[in-house]
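What the coordinates show
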Amino acid sequence: MAAPTPSNRKFLGRLSLPERTFVADALRTETVGGVLLLVAAVAALIWANTPLKESYESVRDFHLGPGSLGLDLSLQHWAADGLLAVFFFVAGIELKRELVAGDLRDPKAAALPVIAAICGMAVPALVYTLVNTVGGGSTDGWAVPTATDIAFALAVLAVIGTSLPSALRAFLLTLAVVDDLFAIMIIAIFFTSDLNFAALGGAVIGLAVFWLLLRKGVRGWYVYVPLALVIWGLMYNSGVHATIAGVAMGLMLRCHREDGEKHSPGEHIEHLVRPVSAGLAVPLFALFSAGVAVSGGALGDVFTRPETLGVVLGLVVGKAVGIFGGTWLAARFTRAELNDDLAWPDVFAVASLAGIGFTVSLLIGELAFSGDAALTDEVKAAVLVGSLIAAVIATVLLKLRNRKYRAMCEDEERDEDLDGIPDIYEQDNPDYHLRMAEIYEKKAAEHRRRAEMSAGSGDPDHGPA
């Protein structure tokens, strides 16, 4: 007799309870930060397109910092190189946690989201390059449409009031984490200016000291914060983009729990720093970077100039096709079966949502066209337009399935025995069924008691008193 065929692995299946809890906590903070990011972007656009635009430019271009240390920077520069280092520090911790305790620790489970993320970056880059090769534009901006902004995507979900099951949210978060990793690599490899080897060597020594202090168990923010600032300053002066310092330090933190620990050091620090990143660093970056002219003529140029058209098509078409196509092909060749409660259109809707590439796309746009201020602003406008179109398309697709998503979320949250653990995670536990039987018996007894009291009160519906 032939050996039984092993059952295929489920894709977008139920998360483990610890992973579900982590995803819920992380995305809750990102959602709040995303709403602030949205408000900051709108404020920047209004400020830059009213008679007050001169004051916007004055504030954005105001310089401060110690010039003797090479840090006499504009506020816009401080936001892009300084505040986003905090954002990438959190991204480094997220990546480390995914690698040692999350979905990425299992190569089989990681294959689908990693392949989806890679395809979701490669296809937009190809779309941009093709448009600009045919149209005679500059291919320098090939990396602009490759990024996904998880905070902005979650802000869209919050604004439109769409529920997403935890598996889809975790898939979106994993996509964004892998996306951030490759964005960091792109910035480090392709947007590094002439190297100052003395400063770079100092930054590497600082990172080695940072790692050694962590290994020795040294505690105290007063040790690490000054050291982190020194490392950042040296990295900035080295010619390597300063945000690389943030992700390097994030990756050094220990993110696995040891005996007796409720949270690992990485989880604890991420819990402290994530609100600063999502609620302050990223919105301020948006405030100083999203203020571009959006007159009718400028918006028309977005769809006629190859550089800007490539960005829009990369975000709207490239992201959706890349992520969905990569996911479908990976599932087909790994024989992973889609969750019975979901359908492939749900994956396409999330892929469309990933076309919102606001924060890192703006940063890469500034780096790619740093020598052409006018083209930089046009590319920023293209990022805004492409992200908006992707958000509208995703909104329509998600709304079509919102009733199904809401029912799935209610099933995930139901806790009838009030023990703090969703019932769906206890259904295989015999003790759970005993508790539920007791609960149902108590409810039935309470119902009989109320019926007897009603009958005894002379209620005509229940007979004479």
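Residues numbered from 1 in each chain as written. Predicted model: local features only at pLDDT ≥ 70, side-chain atom pairs only at ≥ 80, totals over all residues. Heavy atoms only, no water.

1. Here's the deal with the overall build of the protein
Inclusion rule: By the criteria applied, helices consist of DSSP H or I runs no shorter than four residues and strands consist of E runs no shorter than two, each listed in order from the N terminus. Note on classification: 1.4 Å probe, protein chains only; a residue is buried when its accessible area is under 20% of the maximum for its type, exposed when over 50%, partly exposed between these limits. A contact between two residues is defined here by any heavy atoms of the two lying within 4.5 Å. With residues, only the protein chains shown are counted as cover, and all accessible areas are computed by Shrake-Rupley using a 1.4 Å probe.
On a plain count of helices and strands, the protein comes out with 17 helices and four strands. Per-residue burial for the protein yields a buried fraction of 47% across its 465 residues. Counting contacts in the protein only where the partners sit at least 6 residues apart, residues at least 24 apart contribute 77% of the total. Counting every atom, the protein has about 22400 Å² of accessible surface; 64% of that belongs to carbon and sulfur.

2. Remarks on the pattern of salt bridges
For clarity, the cut-off: Within this document, salt bridges are pairs made up of a side-chain nitrogen of Lys or Arg and a carboxyl oxygen of Asp or Glu, the two lying within 4 Å of each other.
For the structure on display, the rule yields eleven salt bridges. One salt bridge connects D346 with R401, and the closest N-O pair in it is separated by 2.8 Å. Taken together, the residues D346 in helix α13 (residues 344-353) and R401 in the loop between α15 (373-400) and α16 (402-413) connect sequence positions 55 residues apart. We classify D346 as buried; its relative accessible area is 0%. Note on R401: relative accessible area 26%, which makes it partly exposed. Here E366 ties to K380 by a salt bridge, and the two come within 3.1 Å at their closest N and O atoms. Here E366, found in helix α14 (residues 358-368), pairs with K380, found in helix α15; they are 14 residues apart in sequence, far enough to count as distant. Residue classification places K380 among the buried positions, given a relative accessible area of 4%. Each of the salt bridges in this network shares a partner with another, and the network as a whole consists of E94, E270 and R274.

3. Here's the deal with helix α12 (residues 306-334)
Threshold: Think of it this way: the bend at a residue is just the angle between two axes, each fitted to seven residues, one set ending at that residue and the other starting at it.
In the structure, α12 departs most strongly from a straight axis at G314, where the bend amounts to approximately 40°. In the segment just after α12, R335 is the residue with positive phi, at about 55°.

4. Quick word on the side chain of D81
Our working rule: His is not counted here, nor are the chain ends, while Lys and Arg score as positive and Asp and Glu score as negative.
Note on placement: D81 falls in helix α3 (residues 75-100). Buried D81, no salt bridge; nearest opposite-charge side chain is K380, N-O distance 11 Å. The contact partners of D81, leaving out residues within four places of it in the chain, are W232, Y236, H241, A242 and T243.

5. Quick word on the layout of surface pockets
For clarity, the cut-off: Both site types are read off a 1 Å grid over the protein atoms alone. A 1.4 Å probe that fits but cannot get out defines a cavity, while an open set with protein on both sides within 12 Å along at least five of seven lines defines a pocket; lining residues have an atom within 4 Å of a point. Grid points are joined across faces, edges and corners, and a volume is the space filled by probe spheres set on the points. Basically, the charged four are Asp, Glu, Lys and Arg, the nonpolar ten are Ala, Val, Leu, Ile, Met, Phe, Trp, Tyr, Cys and Pro, and anything else, Gly included, counts as polar.
The calculated volume of the largest pocket comes to roughly 1300 Å³. Secondary structure elements with two or more residues in the lining of the largest pocket: α3, α7 (197-215), α8 (221-238), α9 (243-252) and α10 (265-289). The residue inventory of the lining of the largest pocket, partitioned by class, reads 24 nonpolar, seven polar and four charged.

6. Considerations on α14
The element α14 is extensively covered by neighbouring structure, given that ten of its eleven residues are classed as buried. F358, T359, V360, S361, L362, L363, I364, G365, E366 and A368 are the residues of α14 that are buried.

7. Brief notes about empty space enclosed by the protein
All chains considered together, the criterion is met by two cavities of 30 Å³ or more. Of the volumes computed, that of the largest cavity is approximately 50 Å³. At four residues, the largest contribution of residues to the lining of the largest cavity is made by α3. Class assignment of the residues belonging to the lining of the largest cavity gives a composition of four nonpolar, one polar and three charged. For the second largest cavity, the calculated volume is near 40 Å³. Lining the second largest cavity are F87, A147, T148, D149, I150, D180, G357, F358, T359, V360 and S361. Of all the elements, α14 adds the most residues to the lining of the second largest cavity, at four residues. Of the residues that constitute the lining of the second largest cavity, the class distribution is five nonpolar, four polar and two charged.

8. Thoughts on a nonpolar patch on the surface
Keep this limit in mind: To count toward a patch, a residue needs a relative accessible area above 30% and no salt bridge. Like charges then connect within 9 Å, nonpolar side chains (Val, Leu, Ile, Met, Phe, Trp, Tyr) within 5 Å.
Residues W221, Y222, V225 and L229 make up a contiguous nonpolar surface patch of about 510 Å² in total accessible area. One can find Y222 in helix α8.

9. What about the confidence of the model for the protein?
Using the following cut-off: For every residue, the predictor reports its confidence as pLDDT, a number between 0 and 100.
Looking at the protein, pLDDT values average 83 and 83% of them are 70 or higher. Here helix α17 (residues 430-456) is the element of the protein with the lowest mean pLDDT, 65, and α7 is the one with the highest, 95. Low pLDDT (under 50) marks residues 1-7, which in the prediction has zero contacts with non-local residues, meaning those over four places away or in another chain.

10. Re the packing of aromatic side chains
Note on aromatic pairs: each is described by the distance of the centres and the angle between the planes. So the rule is basically this: Pairing of aromatic side chains here covers Phe, Tyr and the six-membered ring of Trp, requires ring centres within 6.5 Å, and sorts the geometry by plane angle: under 30 degrees stacked, over 60 edge-to-face, intermediate tilted.
Considering all chains together, one arrives at ten aromatic pairs under this definition. For the pair W78 and W232, a centre-to-centre distance of 5.5 Å together with 20° between the ring planes defines the contact as stacked. Placement of the pair is W78 in helix α3 and W232 in helix α8, with a sequence separation of 154 residues. Geometrically, the ring pair formed by W232 and Y236 is stacked, given 5.9 Å between the ring centres and 20° between the ring planes. Of the two residues, W232 and Y236 are both situated in helix α8; the distance of four residues between them amounts to about one turn of the helix. You'll find W232 and Y236 in the same group, each marked buried.

11. A few points about the nonpolar core
Our working definition: In this text, buried Ala, Val, Leu, Ile, Met, Phe, Trp, Tyr and Cys residues form a nonpolar core when linked through side-chain atoms within 4.5 Å.
Residues F88, V311, L353, I356 and F358 are the most contacted members of the largest nonpolar core, which totals 104 residues. Ranked by residue count, the leading element in this core is helix α6 (residues 166-190), at twelve residues. Ignoring sequence-local partners within four residues, the contact set of I356 consists of A147, T148, D149, F152, A153, V156, S387, A390 and A391. Residues L71, L73, A85 and W232 belong to the second largest nonpolar core, which totals six residues.

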